[in-house]
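Given next are the chains, with one letter for each unit.
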Amino acid sequence: MRRLSAGLTAGAFLLVSTACGSSGGSSSKAGESSGGITTVKVGLIPIVDVAPLYLGEKKGFYEKQGLKLSPTLAAGGAAIVPGVASGQYQFGFSNVFSLMVAQSNNVPVKAISNGVASTGVQGKDFGAALVKTDSSVKTAKDLEGKKVAVNTLKNIVELSMRASVKKAGGDPDKVSFVEIPFDQMPAALDKGQVDAAMAVEPALTTIKDQGGREIASPLVDVAPDLTVAMYFTSTRYAQQNPGVVKKFRTATAESLAYANAHPDEVRRIVTTYTKVPASVLAKVTLPKWPAEANRASIEAQEKLGQEFGFFKKTPDLDTLLP
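The structure reproduced in this document is the subject of the present report.

Some remarks on the packing of helix α2 (residues 51-59) against helix α11 (residues 242-261)
Look at α2 against α11: their axes get within 8 Å of each other, and the N-to-C directions meet at 105 degrees. Considering their axes alone, α2 and α11 lie roughly perpendicular with respect to each other. Contacts between α2 and α11 involve Pro 52, Leu 53, Leu 55, Gly 56 and Lys 59 from the former and Phe 248, Thr 252, Ser 255, Leu 256, Tyr 258 and Ala 259 from the latter. Taken together, the residues of the contact of α2 with α11 break down into seven nonpolar, three polar and one charged.

In structure tokens form, the structure reads like this:
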């Protein structure tokens, strides 16, 4: 399975390299309307984490900066990285670990704004490892020899799941990780296609509503107050469009602060870009949206990535992070 995931990752980055080599400068440029509003394409995941951007767009925070967001949904951050690197999107949302993996594969990406953080509380986080209620699996160690759903391979979800298995005394290399989008995890677990799922909200609450049982809080197991994801762009776009990047960063900071202060509005806005009912969203555990990334937690991810052999070379955090 590790060889398979490595091959998939290598294939994705080959596509990135090809796209970067064949595209002209125009593909990295955002479109500008006659009214002076710059439209930027943003690669996002249909999960609670990105609610601040939708709120910020609705509240006019981006318009105030002269920006209009054009969101495009994907299965995970690892899938968004190639789109940003090739100029298909101007900005993207990705877990920090996928950005580190990309950089270690010479993909030119640059984090520009904080995205989302763990609550840091065991059993009360917005991400969790879950099994069916009648499963024989009691702890993460019991996942040895089992199939575990992650949204994309070689990302923070797989990394954190490995961390939980190791913490529980198990061997992460004996776990079979299966790539399934978050919104498809509830059905996959219910039908027995996988033995467990590492899900985030709102899929986490959906699984619990169908009888799922939580066995670990993997994001919390990686590090206290874990910085899970950030917004990013390509290094080329950042160099060519510093003004747009600054405006995006400013509007996003205002959006993160607003989301932290208005949880009810967060729950309502999620219904506009997911198919999750409001009744489910009323019960979800919201993440934190701090203004700044937690450098120590990112360094903890880097250490685990090296331990599990995910990097071709050590990431340069000073270059990657804002």
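Now that the structure has been shown, the text picks up again.
A short note on the pattern of salt bridges
It is possible for side chains of opposite charge to pair when their charged atoms get near one another. All chains considered together, the criterion is met by eleven salt bridges. Here Asp 225 and Lys 288 are joined by a salt bridge, their closest N and O atoms 3.8 Å apart. Of this pair, Asp 225 sits in the loop between α9 (218-222) and β11 (227-234) while Lys 288 is found in the loop between α13 (278-281) and α14 (295-307), placing the two residues 63 residues apart along the sequence. A relative accessible area of 41% means that Asp 225 is categorised as partly exposed. Through salt bridges with shared partners, one network takes in Glu 158, Arg 162 and Asp 173.

Overview of the packing of aromatic side chains
In the structure shown here, the tally under the stated rule is ten aromatic pairs. With a centroid separation of 4.0 Å and 5 degrees between ring planes, the pair formed by Tyr 54 and Tyr 273 is classed as stacked. Residue Tyr 54 is found in helix α2, and its partner Tyr 273 is found in the loop between α12 (263-270) and α13; the two are separated by 219 residues along the sequence. The exposure class of Tyr 273 is buried, given its relative accessible area of 8%. Taking the centre distance of 6.1 Å and the plane angle of 70 degrees together, the rings of Tyr 231 and Phe 248 count as edge-to-face. Taken together, the residues span a long stretch of sequence, with Tyr 231 in strand β11 and Phe 248 in helix α11 at a distance of 17 residues. Looking at Tyr 231, the relative accessible area reads 0%, which means it is buried. Directly above the ring of Phe 308 sits Arg 162, whose terminal nitrogen or CZ lies 5.6 Å from the centroid.

Parameters at a glance
- Residues numbered from 1 in each chain as written.
- Predicted model: local features only at pLDDT ≥ 70, side-chain atom pairs only at ≥ 80, totals over all residues.
- Heavy atoms only, no water.
- Axes fitted to C-alpha atoms, helices over the stretch in contact; angles between N-to-C directions.
- Helix = DSSP H or I, 4+ residues; strand = E, 2+ residues; numbered from the N terminus.
- Parallel < 35°, antiparallel > 145°, perpendicular 65-115°, else oblique.
- Contact = heavy atoms within 4.5 Å.
- Nonpolar A, V, L, I, M, F, W, Y, C, P; charged D, E, K, R; others polar.
- Salt bridge = Lys/Arg side-chain N within 4 Å of Asp/Glu carboxyl O.
- Buried < 20%, exposed > 50% of the residue type's maximum accessible area, 1.4 Å probe, protein only.
- Phe/Tyr/Trp six-rings, centres within 6.5 Å; stacked < 30°, edge-to-face > 60°.
- Lys NZ or Arg CZ within 6 Å of the ring centre and 35° of its normal.

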